[in-house]
Amino acid sequence: MVFLSAHCLHNIGLLFDIKKEHDRSLPHYEEALKIKNALAGFDTKGYESILPNESEKLVLKCLDDDDAEPIITKATLSTAMTHLRMASLYAKKKLYGHSLFHYCHALKIQRLVLGRDHFTTSVLLNNIGHILRRTNPQNQNSETAEVLYKESLRISSLSLGKNHERVASTLFNLGELYGSKRQFDQAIDYYRSALSIYRDKYTTRLMQRLCCTFLSTTPTNTAHIGEDSSEVLSTGDQIVMHNTSFPTKEIQKQYSLVSEALRNATREEAIRVGGGTWLSVSSNEYWLRFEVLLFQFVEMLSTYVVDPANTAVKNAITRSQQRIESAAAHAIITASDALDYQFQLMLQE
């Protein structure tokens, strides 16, 4: 009964969270976490004792697998779920120290229960890297954040393949990190790798939209897959895996973002090394701009020509099917009337 009450408190908090009533959701999460910590045997030390300059130590500690952990129970993974919701909530409120505390505890638990190479840990490592760089200005170029991003890259490549959008997202994060260190040559390499993945995905989606649109009548799911899509109820025994692929609009957005970052990093690197290579850099930049414009043209072509034509064809096919069905029904009725008339004549004879 105590465990069920913790689930109810978590889920009530989640409902308020979905409604963006964060101040009402937080007390329910906190109460649920207290119960789950007691059931799972975790230390209940609060985030109030974590100082901003201790953030890197906290992250490194959660990556240490040598610490003794309590016996895994049904409340163990459920505790991580509540930590994740609280971390997300505090990040929205820009209380990054509190958010980091809960993300680190969630990571520690998930690595313990699911293993170091589980996909969900790669997402957590990315999130912790983002939050760590925001907790303290000194952490903006943190080497610990670099370690987190690279570990996330290793796990996501292992779990999803090297050409997955999640891998591209982590490559972009590494590019941003090196860009903030003004190591533009390394940033450019990561940006190019990320852009290559997004370009392939974006091209494939556009080709499917242009060439296969008349062949499929099932609407494409373009719902945004982001932070809110990972919202799950407190189950305690599993993590619900969602579709890890990005929707087309998100790929388009990320492609534009990475291409712009690559252009900026290329210009900064050209300025750093001098004007000797400016001609080659300029030609690459112009080619990238042309590529972006080409994608935008294809998007407009799909939106204003292909999609309306597709809708018109589907409507025409639907109307034709309705007319054929109506004519067939009328023919059946007419044939039935003729048989009845012939039968009546035979009776009269």
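Everything that follows concerns the structure shown earlier in this document.
Everything numeric here is computed off the predicted structure, so don't read it as measured data. (Residues numbered from 1 in each chain as written. Predicted model: local features only at pLDDT ≥ 70, side-chain atom pairs only at ≥ 80, totals over all residues. Heavy atoms only, no water.)

Asks: What should I look at first to understand the pattern of salt bridges in this one?
Replies: If you walk through the whole model with that rule in mind, you get 14 salt bridges. Because the salt bridges share partners, they merge into one network encompassing Arg116, Asp117, Glu151 and Arg154. (Salt bridge = Lys/Arg side-chain N within 4 Å of Asp/Glu carboxyl O.)

Asks: Explanation requested: helix α2 (residues 22-40) in the structure shown.
Replies: Count 3.6 residues to each turn of an α-helix, and residues three or four apart come out pointing the same way. The end-to-end C-alpha distance of α2 is 26 Å, a good match for the 27 Å that 19 residues give at a rise of 1.5 Å each. For α2, the set of buried residues is His22, Ser25, Leu26, Tyr29, Ala32, Leu33, Ile35, Lys36, Asn37 and Ala40. In the stretch just after α2, glycine 41 is the one whose phi turns positive, near 80°. (Helix = DSSP H or I, 4+ residues; strand = E, 2+ residues; numbered from the N terminus. Expected span 1.5 Å × (residues − 1). Buried < 20%, exposed > 50% of the residue type's maximum accessible area, 1.4 Å probe, protein only.)

Asks: Sorry, what's going on with the packing of aromatic side chains here?
Replies: A complete count under the given rule lists three aromatic pairs for this structure. Between tyrosine 178 and tyrosine 190, the ring centres sit 5.5 Å apart and the planes meet at 5°, which makes this aromatic pair stacked. Here the residue tyrosine 178 occupies a position in helix α8 (residues 165-180), and tyrosine 190 occupies one in helix α9 (residues 184-211), the gap between them amounting to twelve residues. No difference in accessibility class separates tyrosine 178 from tyrosine 190, as the two residues are buried. Centre to centre, the rings of tyrosine 202 and tyrosine 255 are 5.6 Å apart; their planes meet at 50°, and the pair counts as tilted. Of this pair, tyrosine 202 sits in helix α9 while tyrosine 255 sits in helix α10 (residues 248-273), and the two are 53 residues apart along the sequence. For the residue pair tyrosine 202 and tyrosine 255, the accessibility class agrees, reading buried in each case. (Phe/Tyr/Trp six-rings, centres within 6.5 Å; stacked < 30°, edge-to-face > 60°.)

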